[in-house]
Amino acid sequence: MSPLSPSALARLVSMSITIAVFLISTANIASSTQTRVLKVSYPNIWYGGVVVGQSATHTIALTNTGSASLTISRLTQTDANFSTNLSMPMTLAAGQSAQAVVKFSPTFVGHINAAFIFTSNATDGRLVLNVHGGGIKGTATAGALAPSPASLNFSGVQAGSSMTLPETLMNSGNASVTVSATKVQGNNQFTLTGPGLPLTLAAGHSMTLNVTYTPTGSASASGSISVASSVPSLTIPISGTTAATGSLKVTPGALSFGNVTVGSSTNLTGTLTASGASVVVSAASVNSTEFSLTGLSFPLTIGAGKSVSFTAIFKPKATGSASANFTFTGNTSTASEALSGTGMAAATHSVALSWQADSSSVEGYNVYRSGSTSGPFSKLTSSLDGNTSYTDSTVQSGNTYFYVTTAVGNDGAESSYSNQVRASIP
């Protein structure tokens, strides 16, 4: 029997290829700097008139509003008629407060202005508490209410949010004062809470009212606190301004991941932007387990006009189309991004072979394969193939294969190898 002709084995017919492309984005990681900020609850204290030889007290709070602990190393007082129970040095952890009593004990008749100067390793270095009082003669028996501060100003509160400030009423006289009623007048965006009334304040004693501003629109507001007592009535001005409302936007508005093989994943990049004012993003959610998000840590503050990037991931679990939404929740607004993609079955590779029938009468054909052009060749057919085509479905990506065939005659004799065909699998 003659061997197959060089043209007996046809070329590769078909091969399916799938290539996955991964777009990887690393989100910006913002670094933060520790701060030390020392604040005092009342930067100015008015004691009114105090009889020489007597005393009046006021309670203050020192607070570290920064993110790192700070140490107050020195306290300087500019006049001996004022004193405090604080001792130095003093360390305040981040967010910690310490209360102190500031006493006015005039030794002469006349008005006295003084200050307590706190020196620390805070960012500003120095904090000043101004104190004012007057020494008066004799044994006066009049009471007097002194407000601290003299007016309340709420600045930059976002609509829908609230801010609360304290207002202290001190009896700066030398006789008891009974406070019978307090109320806010002029604007219902201000509310007031305080101790039960009527309340009698002894000389030098005080009470604290808490005033809350809850703006409902963008316009500024003003009003007053009216205090009725056993001494002449007191009116304390209050005002508030509304901050711009931040708006949260996500771009692009929709992310399409295209076709992704089941079990693999594809990444795309999105961006969150705050406009108008800063926005605090508290959370991000997605309504499908096939989509996820990385690159953001919550809560996240985005400054006005600033943007942060994130990475969206699509990892299909089944074939077919999938869709979902990312929802970002901010303190003033929310933003949503549509997600879509299609899960595809994993790509399979095969080599389809065909050849011309031998001109002689044959029983069938055998197909052989090798990973090298020089062999050795292994037989793929478990029995004679009576057809003139064969599909090899056992190939693997990244390999190159070489194929030959033989013909087997009716007498069982097998021909020599045909010419080789090469197939490279991607």
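Scroll up to find the structure.
Just so it is clear, the structure is predicted and the values come from calculations on it, not from any experiment.

Here is what the cut-offs are and how they apply
- Residues numbered from 1 in each chain as written.
- Predicted model: local features only at pLDDT ≥ 70, side-chain atom pairs only at ≥ 80, totals over all residues.
- Heavy atoms only, no water.
- Phe/Tyr/Trp six-rings, centres within 6.5 Å; stacked < 30°, edge-to-face > 60°.
- Helix = DSSP H or I, 4+ residues; strand = E, 2+ residues; numbered from the N terminus.
- Buried < 20%, exposed > 50% of the residue type's maximum accessible area, 1.4 Å probe, protein only.
- Contact = heavy atoms within 4.5 Å.
- Pairing = 2+ DSSP bridges.
- Axes fitted to C-alpha atoms, helices over the stretch in contact; angles between N-to-C directions.

1. Observations concerning the packing of aromatic side chains
Okay, so step 1: Under the criterion given, the structure shown has 15 aromatic pairs.
Okay, so step 2: Measuring from ring centre to ring centre gives 6.2 Å for Phe310 and Phe326, while their planes differ by 85°; the resulting arrangement is edge-to-face. Taken together, the residues Phe310 in strand β25 (residues 307-314) and Phe326 in strand β26 (residues 320-330) connect sequence positions 16 residues apart. In terms of burial, Phe310 and Phe326 fall into one category: buried.
Okay, so step 3: One aromatic cluster in this structure is built from Tyr47, Phe82 and Phe104.

2. Considering the environment of Val279
Okay, so step 1: Within the element layout of this structure, Val279 appears in strand β22 (residues 279-286).
Okay, so step 2: Measuring from C-alpha to C-alpha, the distance between Val279 and Ala202 comes to 47 Å, with 77 residues separating the pair along the chain.
Okay, so step 3: Those residues in contact with Val279 that lie beyond four places of it in its chain are Gly246, Ser247, Leu248, Ala274, Leu300, Thr301, Ile302, Gly330, Asn331 and Thr332.

3. A look at unusual backbone geometry
Where the residue is not glycine, phi is negative for most of them; where a peptide bond is considered, it is trans in most cases.
Okay, so step 1: Cis geometry marks the peptide bond from Ser148 to Pro149, where omega comes out at 0°.
Okay, so step 2: Within the fold, Pro149 resides in the loop between β10 (145-148) and β11 (152-158).
Okay, so step 3: Cis geometry is adopted by the peptide bond preceding Pro198, which originates at Leu197 and carries an omega value of 5°.
Okay, so step 4: When you line up the elements, Pro198 lands in the loop between β14 (190-193) and β15 (199-201).

4. Some details on the sheet that holds β25
Okay, so step 1: One open sheet accounts for four strands, arranged β19-β21-β25-β23; its pairing is antiparallel. Because the sheet does not close on itself, it has two edges, and the strands there are β19 (247-251) and β23 (291-294). Here the strands of the sheet are splayed against their neighbours by 30° on average, with no regard to which way each runs.
Okay, so step 2: The pairing of β23 with β25 spans four bridges and is antiparallel.

5. Considering the sheet that holds strand β20 (residues 254-261)
Okay, so step 1: With respect to topology, five strands assemble into an open sheet ordered β20-β27-β26-β22-β24, the strand pairing being mixed. A single partner strand is all that each edge strand has here, and the edge strands are β20 and β24 (300-302). Within the sheet, the average angular offset between the axes of one strand and its neighbour, ignoring direction, is 30°.
Okay, so step 2: Across six bridges, β20 lies against strand β27 (residues 334-344) in parallel orientation. Bridge pairing links Val260 to Gly343 in β27.

6. So, the pairing of strand β29 (residues 362-370)
Okay, so step 1: Counting buried residues along β29, seven of its nine residues qualify, which places the element largely inside the surrounding structure.
Okay, so step 2: For β29 and strand β30 (residues 378-379), the ladder comprises two bridges, and the chain directions are antiparallel. Residue pairing for β30: Tyr368 is matched across the bridge by Lys379.

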